[in-house]
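Take a look at the letters that make up each chain.
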Amino acid sequence: MKVSIIIPVYNEFRTLAQVLERVRKAPIPEGYTREIIVVDDGSNDGTAHVLNEQAVAGIVMGHYSRVNRGKGAAIRTGIELASGDVVLIQDGDLEYDPADYARILEPIAKGEADIVYGSRFTGRMTGMALKNRIANAILTFAANLLFDARITDEATAYKAFRTSVLRGLTLECRRFEFCPEVTAKVRRLGYTIREVPIRYNARGIADGKKIRARDGFEALWTLLKYRFVPRSAFTHCVEAHGVISVGPVS
């Protein structure tokens, strides 16, 4: 089995090399191999240089976009490039700890889940501002209300999927709406989302955090929109499989 670790980055020169070192050494389930796919979303701060060095050394597969298209678009590019059986999303900063990979991937490796989210709110979290906690709580409440998601952290960056699940979806995200879009669509198709606790060390805008208040409103709108869009509009007709606690959300 192979896990494709997709890292969308934009102006992460200060942290990318360290992140890649942690990702390369992170524990994964026995019998798994890894490929690291870094999608540079039009960086202009030296990130491309770091990525080129890592790609030449054979450590990562790199993809460079000349313009900044958005995190969601970068993730979609990474999914297209992935050759693994499982896809795991990793941010290009130091907020999330790759040491949690084994915990996230284990339910998939054991055949117990098709989708696993790393929950910051059931794990060890430091530094998250009150406004961000409130925004996360609202989005999680909306996901649970609209889709019976039964999760504690809708907006977590640590999400792992069987590749076949993602390839069965028509994803349209461009910016930060990947999380609400994929959550809404997999639940509408009847997939169960498994959660495991993870570690999280928040950073602020001064440290390079890019998400803003408008992205929270866009995420909420995305959840509402996909509650009512017909399922036929966002699936490639790949049937849900694996552990399902309830039927498709109509």
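Residues numbered from 1 in each chain as written. Predicted model: local features only at pLDDT ≥ 70, side-chain atom pairs only at ≥ 80, totals over all residues. Heavy atoms only, no water.

**Structural notes on the confidence of the model for the protein chain**
Thinking step 1. Looking at the protein chain as a whole, the pLDDT averages 90, with 90% of positions reaching at least 70.
Thinking step 2. Low pLDDT (under 50) marks residues 237-248, which in the prediction has 30 contacts with non-local residues, meaning those over four places away or in another chain. (pLDDT = per-residue confidence, 0-100. Contact = heavy atoms within 4.5 Å.)

**Points about the packing of aromatic side chains**
Thinking step 1. Counted under the stated rule, the structure contains five aromatic pairs.
Thinking step 2. Aromatic pair Y96 and Y158: ring centres 4.9 Å apart, planes at 45°, arrangement tilted. Residue Y96 is located in the loop between β4 (86-89) and α4 (101-109), and its partner Y158 is located in the loop between α5 (130-147) and β6 (159-162); the two are separated by 62 residues in the primary sequence.
Thinking step 3. Y96 sits in the buried class, given a relative accessible area of 4%.
Thinking step 4. Residue Y158 is classed as buried on the basis of its relative accessible area of 0%. (Phe/Tyr/Trp six-rings, centres within 6.5 Å; stacked < 30°, edge-to-face > 60°. Helix = DSSP H or I, 4+ residues; strand = E, 2+ residues; numbered from the N terminus. Buried < 20%, exposed > 50% of the residue type's maximum accessible area, 1.4 Å probe, protein only.)

**Observations regarding the sheet that holds strand β2 (residues 33-41)**
Within a sheet, neighbouring strands are paired by backbone hydrogen bonds and run either parallel or antiparallel to one another.
Thinking step 1. Spatially, β3-β2-β1-β4-β6-β5-β7 is the arrangement adopted by the seven strands of the open sheet, whose pairing is mixed. The open sheet has two free edges, formed respectively by β3 (61-65) and β7 (194-201), since each of these has just one partner strand. Across this sheet, the average inter-strand angle for adjacent strands is 20°, counted without regard to direction.
Thinking step 2. Note that strand β5 (residues 115-126) and β6 share three bridges and pair antiparallel. Bridge pairing in β6 links Y117 to K159.
Thinking step 3. Those strands touched by helix α2 (residues 47-56) are β1 (2-9), β2 and β3, and its axis lies near 150° from that of β2.
Thinking step 4. On top of the sheet, helix α3 (residues 71-81) reaches β1, β2, β3 and β4; it is set at about 140° to β2, its chief contact. (Pairing = 2+ DSSP bridges. Axes fitted to C-alpha atoms, helices over the stretch in contact; angles between N-to-C directions.)

**Quick word on the nonpolar core**
Thinking step 1. I115, F178, V182, V186 and L223 are the most contacted members of the largest nonpolar core, which has 36 residues in total.
Thinking step 2. Elements represented by at least two residues in this core include exactly β2, α3, β4, β5, α5, α6 (163-167), α7 (178-188) and α8 (213-228).
Thinking step 3. Core analysis: the second largest hydrophobic core is formed by 34 residues, I7, V38, A113 and Y158 among them. (Core = buried A, V, L, I, M, F, W, Y, C linked by side-chain atoms within 4.5 Å.)

**Things to note about the pattern of salt bridges**
Thinking step 1. All chains considered together, the criterion is met by 13 salt bridges.
Thinking step 2. D114 is paired through a salt bridge with R162; the nearest N and O atoms lie 2.7 Å apart. Here D114, found in the loop between α4 and β5, pairs with R162, found in strand β6; they are 48 residues apart in sequence, far enough to count as distant.
Thinking step 3. For D114, a relative accessible area of 4% puts it in the buried group. (Salt bridge = Lys/Arg side-chain N within 4 Å of Asp/Glu carboxyl O.)

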